[in-house]
Amino acid sequence: MTDATTQEEKVRRPLAVWVVVALGLVQGLAALGAAAIILWARSNADLMDLLTHEDPQLTDRELLVTGLTVGTVGLVNTTFAVLLARGNRTVRAIYAAIATIEVAAATYGLVAVEDIRAAALAALAYPVAILWLLYGSEKSVRFFDR
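None of the values given here were measured: they were computed from a predicted structure. (Residues numbered from 1 in each chain as written. Predicted model: local features only at pLDDT ≥ 70, side-chain atom pairs only at ≥ 80, totals over all residues. Heavy atoms only, no water.)

Asks: How would you summarise the layout of surface pockets if you had to cite specific residues and measurements?
Replies: In this structure, the largest pocket occupies an estimated 240 Å³ of space. Secondary-structure elements contributing two or more residues to the lining of the largest pocket are helix H2 (15-43), helix H4 (60-85), helix H5 (89-112) and helix H6 (117-136). Classifying every residue of the lining of the largest pocket by side-chain character gives ten nonpolar, three polar and one charged. (1 Å grid on protein atoms, 1.4 Å probe; cavity = no way out; pocket = protein on both sides within 12 Å on 5 of 7 lines; lining within 4 Å. Points joined across faces, edges and corners; volume = space filled by probe spheres on them. Helix = DSSP H or I, 4+ residues; strand = E, 2+ residues; numbered from the N terminus. Nonpolar A, V, L, I, M, F, W, Y, C, P; charged D, E, K, R; others polar.)

Asks: Lay out the environment of lysine 139 in plain terms, naming residues and giving numbers.
Replies: Structurally, the position occupied by lysine 139 is in helix H7 (residues 138-144). Residue lysine 139 is classed as exposed on the basis of its relative accessible area of 54%. Residues lysine 139 and alanine 16, 123 residues apart in the sequence, show an inter-C-alpha distance of 8.4 Å. (Buried < 20%, exposed > 50% of the residue type's maximum accessible area, 1.4 Å probe, protein only.)

Asks: Could you give an account of H2, with specific residues and numbers?
Replies: Along its 29 residues, H2 runs 42 Å from first to last C-alpha, staying within 8% of the 42 Å computed at 1.5 Å per residue. For H2, every residue scored as buried is listed here: Ala16, Val17, Val20, Val21, Gly24, Gly28, Ala31, Ala35, Ile38 and Ala41. Where the residues of H2 are buried, they touch helix H3 (45-54), H4, H5, H6 and H7. (Expected span 1.5 Å × (residues − 1). Contact = heavy atoms within 4.5 Å.)

Asks: Tell me about a nonpolar patch on the surface, and please be specific about residues and values.
Replies: A contiguous nonpolar patch, built from Leu15, Trp18, Val19, Leu23 and Tyr126 and spanning about 460 Å² of accessible area, is present on the exposed surface. Considering every element that reaches the nonpolar patch, the biggest residue donor is H2, with four residues. Here leucine 15 lies in helix H2. When its relative accessible area of 68% is taken as the criterion, leucine 15 is described as exposed. (Patch = residues over 30% accessible without salt bridge, like charges linked within 9 Å, V, L, I, M, F, W, Y side chains within 5 Å. Areas by Shrake-Rupley, 256 points an atom, 1.4 Å probe, with all protein chains shown as cover. Salt bridge = Lys/Arg side-chain N within 4 Å of Asp/Glu carboxyl O.)

Asks: Outline the pattern of salt bridges, listing residues and values.
Replies: Enumeration according to the criterion identifies two salt bridges in this entry. Of the charged contacts in the structure, one is a salt bridge between arginine 42 and aspartate 60, with a shortest N-O distance of 3.0 Å. With arginine 42 in helix H2 and aspartate 60 in helix H4, this residue pair connects regions lying 18 residues apart in the sequence. A residue is classified by how much of its surface remains accessible, and arginine 42, at 29% relative accessible area, is partly exposed.

Asks: Account for the side chain of serine 140, naming residues and giving values.
Replies: Locating serine 140 in the fold gives a position in helix H7. According to the relative accessible area criterion, serine 140 is buried, its value standing at 0%. Aside from chain neighbours lying at most four places away, what touches serine 140 is Pro14, Ala16, Val17, Leu133 and Leu134.

Asks: Quick rundown of the packing of H2 against H6? Include the residues and the values.
Replies: Where H2 contacts H6, the axes come no closer than 8 Å and their chain directions differ by 135°. Judged by the angle between their axes, H2 and H6 are oblique. H2 and H6 meet at a crossing whose hand is left-handed. Contacts from Ala16, Val19, Val20, Leu23 and Gln27 in H2 reach Tyr126, Ile130, Leu133 and Leu134 in H6. When its residues are assigned to classes, the contact of H2 with H6 shows eight nonpolar, one polar and no charged. (Axes fitted to C-alpha atoms, helices over the stretch in contact; angles between N-to-C directions. Parallel < 35°, antiparallel > 145°, perpendicular 65-115°, else oblique. Left-handed = near helix turned anticlockwise from the far one by under 90°.)

Structure, rendered in structure tokens:
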């Protein structure tokens, strides 16, 4: 065995990465479940009647587009979580870019919109935690730099 192989074996997936992967999987699988429910609602007459009673403008096509969109987001999120678990640096950068946008939006809400300050503060915690978990720990940095 070479030194590179030995070094690669020593770098294991740290807990911080596992946490982000688990959150990504939960989000992705929840979105896939929601998409299945939305698409199923299209074929259930009673549920469709209930939905159109709440929103008379709702059409079968809108439910289809919404279900497919939510399903696509869920599939992408689940795929990204799996790739992140494998140490994919590009996916890590995508997570960081999305978290940075979320930090900016939450900071704006915290500073500029008085009515949503508490929600903005809570919304700020999640992306900051993601950034810290992926970039703030030496073990995480080593895991992605192998």
